[in-house]
Amino acid sequence: MMTMRRYLLLPLRRIPVFMAHWRLSLTFSLSLLLGLFAAASSRAAPALETVTIQLKWLHQFQFAGYYAAQDQGYYRAAGLDVKLLEARPGHDSLQAVMQGEAQYGIGNTALLAARARGLPVVVLASLYQHSAAALLVRRDAGGKPHLGPNSRIMLAPNNEELALFLRKHGVPTESLLPVAHNFSYDDLLDGRVDAMSIYTTEAPYILEHSSLGYQILSPRSQGDDFYGDVLYTTESELRDHPQRAAALRAATLRGWAYAMQHPDELVDLIRARYPQRHSREHLLYEAQHIVPLLAQDSIELGYSDPLRWQAIASSYMAQGMLPEDFKLDGFLYQPEQQQGWRRHLPVLLPVLVLLLIAALLWRLRHRLLPAHQPSHDELPLNDTATPPDSSSAAPGHRSHHNQ
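Residues numbered from 1 in each chain as written. Predicted model: local features only at pLDDT ≥ 70, side-chain atom pairs only at ≥ 80, totals over all residues. Heavy atoms only, no water.

Caption draft 1: Geometry of the overall build of the protein. Each helix and strand in the protein was counted, giving 15 helices and 10 strands. Going through the 403 residues of the protein one by one, you find that 39% of them count as buried. Of all intrachain contacts in the protein linking residues separated by at least 6 positions in sequence, the fraction that spans at least 24 positions is 81%. Element-wise, carbon and sulfur atoms account for 57% of the exposed surface of the protein, whose accessible area totals about 22,400 Å². (Helix = DSSP H or I, 4+ residues; strand = E, 2+ residues; numbered from the N terminus. Buried < 20%, exposed > 50% of the residue type's maximum accessible area, 1.4 Å probe, protein only. Contact = heavy atoms within 4.5 Å. Areas by Shrake-Rupley, 256 points an atom, 1.4 Å probe, with all protein chains shown as cover.)

What follows is the structure, given as structure tokens:
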């Protein structure tokens, strides 16, 4: 009976011991974690890195994703203070990036020609899967678009895709009279130019109530499907600041995803920031017509297809606008290749921390718990030998009284 009682009471006697050790382990672990958090919080927050993105046009919904990344704090979360530099009439936005006025820029497929000229440009993300660039041409007295030799044309800088379009239709740009683009439709409306480069996402809205006879000539409608706005940088930026470039790209893509999910909110934001620009109705029109250009329902946001870029380069080669031996090597950013093992850090670090904590707890538990050696009285009943009953008869032995 005494042995049975001690066996039953053994777990109850050991519970406080286990609880005490686990309380000690838990207290130590919590203290360790609190100490780490306190050390981290005691450090001053790192200063944001200031970088500039050179826009290719004036402020409008065309750049909604960048405004969203600023306003939603995506750039700040990436450790960046991003400035957006508006394009200036008569100023080459590409040169602003090449000269270091901006670390990043927004361009188009004209970057192929820039790369062929030796400029170290690299496409980070192809945001507009289709280009909205087109030519707005005045109609002549007979109702036909007037565009031929000695026509006055206003092309924005780095508009090689429109130059290619003109060449394919027998109008070499060398035969035209160039006029500096001033971002205004007035010169065309007043007859000072015969044609100008525009974006199909806004020109029809502006010209809706105009009595001008005009025609919009779009390369895409003629089978030339170029990429539109692309985010680009330089080889030196990628070489010297690979993590910054990756962070800016990721934050920009988040911004574009948010902008297209909340177009009304972004329209109000643009109106508040740049009230001198477009009306709310104008911006909503632009937002509506940008949706198909991004093609988010069928293509990953920002995806650059090397085969498609090569096909575009071949179109330029066919018109003598790129050398026959031009290669895309180094022209398209490869996130997997550029970031290497660092791309796994957001997943690996939390796992490593959890494994470290688990290892510490396991080690503490086995170091603090004493090895328990049960006494003779604490041995389980099934381990205690039971002496044979002397009064029991051996098998096969019959009692004297049963004989």
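Caption draft 2: The sheet that holds strand S10 (residues 230-234), seen in detail. Spatially, the five strands line up as an open sheet ordered S2-S1-S3-S10-S4, and their pairing is mixed. Looking at the sheet topology across the chains shown, the edges are occupied by strand S2 (80-85) and strand S4 (121-126). For this sheet the average axis-to-axis angle between neighbouring strands, irrespective of direction, equals 30°. In terms of strand pairing, strand S1 (residues 49-54) meets strand S3 (residues 104-107) through two bridges, oriented parallel. (Pairing = 2+ DSSP bridges. Axes fitted to C-alpha atoms, helices over the stretch in contact; angles between N-to-C directions.)

Caption draft 3: Region of interest: the nonpolar core. Membership of the largest hydrophobic core comes to 64 residues, with the highest contact counts inside it found for Phe61 and Tyr66. Tallying contributions element by element places helix H10 (residues 242-261) first for this core, with nine residues. If we ignore the near neighbours within four places in the chain, the residues touching Tyr66 are Ile53, Tyr75, Leu84, Ile106, Leu127, Leu231, Thr252 and Trp256. Counting 25 residues, the second-largest nonpolar core is a separate cluster that includes Val97, Val121, Val230 and Phe331. (Core = buried A, V, L, I, M, F, W, Y, C linked by side-chain atoms within 4.5 Å.)

Caption draft 4: Fine view of the packing of aromatic side chains. Scanning all chains against the criterion turns up eight aromatic pairs. Relative to Phe183, the ring of Trp57 lies with its centre 4.4 Å away and its plane at 70°, an arrangement referred to as edge-to-face. Of this pair, Trp57 sits in the loop between S1 and helix H2 (64-71) while Phe183 is found in the loop between strand S7 (177-180) and helix H7 (186-189), placing the two residues 126 residues apart along the sequence. Here the aromatic rings of Tyr67 and Tyr274 are separated by 5.7 Å at their centres, their planes lie at 50°, and the arrangement is tilted. Within this pair, whereas Tyr67 is found in helix H2, its partner Tyr274 is found in the loop between helix H11 (263-273) and helix H12 (280-294), the two being separated by 207 residues in sequence. Note on accessibility: Tyr67 and Tyr274 belong to one class, buried. Feature note: the residues Tyr66, Tyr128 and Trp256 constitute an aromatic cluster, connected by ring pairs. The ring of Tyr227 carries the charged tip of Arg308 above its face, separated from the ring centre by 4.1 Å. (Phe/Tyr/Trp six-rings, centres within 6.5 Å; stacked < 30°, edge-to-face > 60°. Lys NZ or Arg CZ within 6 Å of the ring centre and 35° of its normal.)

Caption draft 5: Here's a closer look at the sheet that holds strand S5 (residues 133-138). The five strands are arranged S7-S6-S8-S5-S9 in an open sheet whose pairing can be described as mixed. The open sheet is flanked by S7 and strand S9 (214-217), the only strands paired with a single partner. Put simply, the sheet's adjacent strands are angled 35° from each other on average, direction ignored. One ladder, built from five bridges, connects S5 with strand S8 (residues 195-199); its direction is antiparallel. Paired with Ala134 across the strands is Ile198, a residue of S8.

Caption draft 6: Structural context of the confidence of the model for the protein. Residues of the protein with pLDDT of at least 70 account for 75%, and the chain-wide mean is 82. Scored below 50 in pLDDT, residues 1-22 makes 19 contacts in the model with residues more than four places away or belonging to other chains. Low pLDDT (under 50) marks residues 37-42, which in the prediction has zero contacts with non-local residues, meaning those over four places away or in another chain. (pLDDT = per-residue confidence, 0-100.)

Caption draft 7: Structural detail: the packing of H2 against H11. One can describe the packing of H2 onto H11 by two numbers: an axis separation of 10 Å at closest approach and a directional angle of 85°. Relative to H11, the element H2 lies roughly perpendicular. Within the contact between the two elements, H2 uses Ala64, Tyr67, Ala68, Gln70 and Asp71 and H11 uses Leu266, Leu269, Ile270 and Arg273. Split by residue class, the contact of H2 with H11 holds six nonpolar, one polar and two charged. (Parallel < 35°, antiparallel > 145°, perpendicular 65-115°, else oblique. Nonpolar A, V, L, I, M, F, W, Y, C, P; charged D, E, K, R; others polar.)

Caption draft 8: Expanded view of the environment of Gln319. With respect to the secondary-structure elements, Gln319 resides in the loop between helix H13 (306-318) and helix H14 (335-339). Taking relative accessible area as the criterion, Gln319 reaches 27% and is therefore assigned partly exposed. The sequence separation of Gln319 and Phe165 amounts to 154 residues, and the corresponding C-alpha distance is 9.6 Å. The residues contacting Gln319, other than those within four sequence positions of it, are Leu164, Arg167 and Lys168.

Caption draft 9: Just the pattern of salt bridges, in detail. Taken as a whole and assessed by the stated rule, the structure comprises 14 salt bridges. Among the salt bridges present, the one from Glu235 reaches Arg115, with a minimum N-O distance of 2.9 Å. Of this pair, Glu235 sits in helix H9 (residues 235-240) while Arg115 sits in helix H5 (residues 110-116), and the two are 120 residues apart along the sequence. In this structure, the salt-bridge partner of Glu237 is Arg244, at a minimum N-O distance of 2.8 Å. This pair shows no difference in class: Glu237 is buried, exactly as Arg244 is. Through salt bridges that share partners, Glu49, Glu237 and Arg244 make up one connected network. (Salt bridge = Lys/Arg side-chain N within 4 Å of Asp/Glu carboxyl O.)

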